[in-house]
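Given next are the chains, with one letter for each unit.
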Amino acid sequence: MIGLRVAGTGSFLPERVVTNEDLSRTLDTSDEWIRTRTGIVSRHLLDPDTPPATMGIAAAREAMGRAGLPPDAVELLIVATNVPEELIPGSAPFIAAGLGLHHEPPFFDIKAGCAGFVFAMAVAGAMMASGIARNALIVGIEALSRFVDWGDRKTCVLFGDGAGAVALTAAGEERGILGVSLHGDADKLGLLRIPAGGVRLPASAETVASRKHFLQMKGRGVYQSAVTMMERATLEAAERAGISLADIDWLLPHQANLRIIEALVRRLGFPRDRVLVNIDRVANTSTASIPILLDEAVRAGTIGDGDIVALTAFGAGACYGTVILRW
Ligand code: ACO
């Protein structure tokens, strides 16, 4: 048990909403295909001229405001993202600058595919438990719209942009992280990747011409792995927490695809009415998906004091995991 409190949540979705119907005007797809295969109806997309960090800054400000955590009191900032503001120095410094964290607290990025936010929760909890920080700000932020090929109907319809944040503060043993399960399966590293732009294959005229800077995905493989990975992690985290699945009040799965979520829930035998879903409006926002969902649930009064909440995700790597909290 790691004693901590989610003292505040926040989220930000760009103003521009793009529906399946909108996409079908320029792409060989249909609302019917996207809706039935993925559960997605619309997504929010960031304007091309807006720096993505602005989304993370807005979400973090909201979480800090609700937690009553002023910028000069933040002791740790972790940013989970797959597509950083710049390759060097990543996203965290841009968000720290935007938040006015002038007292030089530690900040860094975590890259663990779409499971980045769950990994960041575990890392922040461990750092708080070891006394490195008494509070932490975690931001999940993604602008994948800049890295999907808008001519590839197999991938571009799936994603949306956004950011979510939580502010964690130290607390007694009555609430906090009850159980954690984190894993990585490197045999699956080919499922999701952007092959060019890193040191293995730096940008060149050839990489641009062959569209290697865009996200590539093996959809079937992702689907199959995602379900079994989140199932394994959730069962393991519950066992480590010393609880049964029936004790979990709310399951918040990464919003990758409604069919993945429904298959997971069936395999776990978990009641569907205690599974939170917003993929229809938000699509897959990768590392931002769980903190956005969490913020919506907290603001709606769905999640309340003492509830047991399970956050589960999988993503590129393949990284996957579950964190179970007592609220
Ligand atoms: N509109 C219309 N037709 C489409 C579209 C589209 N948007 N996308 C694919 N198709 C077509 C394909 O071209 C193919 O046609 P063909 O047989 O003539 O070539 C047909 O539909 C079937 O394509 P598949 O890719 O085999 O479709 P599948 O039934 O596997 O569904 C999907 C695709 C929805 C992506 C599925 O594989 C899936 O859910 N995978 C999980 C992927 C996922 O959720 N990724 C999220 C990102 S990863 C993450 O969050 C960690």
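Residues numbered from 1 in each chain as written. Predicted model: local features only at pLDDT ≥ 70, side-chain atom pairs only at ≥ 80, totals over all residues. Heavy atoms only, no water.

A.B. asks: With reference to specific residues and values, describe the site of the ligand.
C.D. replies: Contacts to the ligand come from 23 residues, most closely from Thr29, Arg153, His254, Asn257 and Asn284. Between the ligand and Arg153, the relevant distance is 2.8 Å, taken from an oxygen atom to a side-chain nitrogen or oxygen of the residue. Separating a nitrogen atom of the ligand from a backbone N or O atom of Gly219 is a distance of 2.9 Å. Burial of the ligand by the protein amounts to 78% of the accessible area it has alone, namely 1,000 Å². It is helix 8 (residues 219–241) that contributes the most residues to the shell around the ligand, four residues altogether. The residue makeup of the shell around the ligand, split by class, is 12 nonpolar, seven polar and four charged. (Near = heavy atom within 4 Å. Polar contact = N/O pair within 3.5 Å; in protein donor to acceptor, adjacent residues only side chain to side chain. Areas by Shrake-Rupley, 256 points an atom, 1.4 Å probe, with all protein chains shown as cover. Helix = DSSP H or I, 4+ residues; strand = E, 2+ residues; numbered from the N terminus. Nonpolar A, V, L, I, M, F, W, Y, C, P; charged D, E, K, R; others polar.)

A.B. asks: Account for the sheet that holds strand 5 (residues 107–110), naming residues and giving values.
C.D. replies: Taken in spatial order, the nine strands line up as 5-4-6-7-1-8-13-12-11 in an open sheet, and their pairing is mixed. Because the sheet does not close on itself, it has two edges, and the strands there are strand 5 and strand 11 (250–253). Taken over all neighbouring pairs, the strand axes of this sheet differ in orientation by 25° on average, direction set aside. Bridge count for strand 11 against strand 12 (residues 308–315) is four bridges, and the pairing is parallel. Note on strand 12: the bridge partner recorded for Pro253 is Thr312. This element, helix 11 (residues 289–299), spans strand 1 (2–12), strand 6 (135–142), strand 7 (162–170), strand 11 and strand 12 of the sheet and lies at about 95° to strand 1. (Pairing = 2+ DSSP bridges. Axes fitted to C-alpha atoms, helices over the stretch in contact; angles between N-to-C directions. Contact = heavy atoms within 4.5 Å.)

So, to be careful, I would describe these as geometric facts and stop short of saying anything about function.
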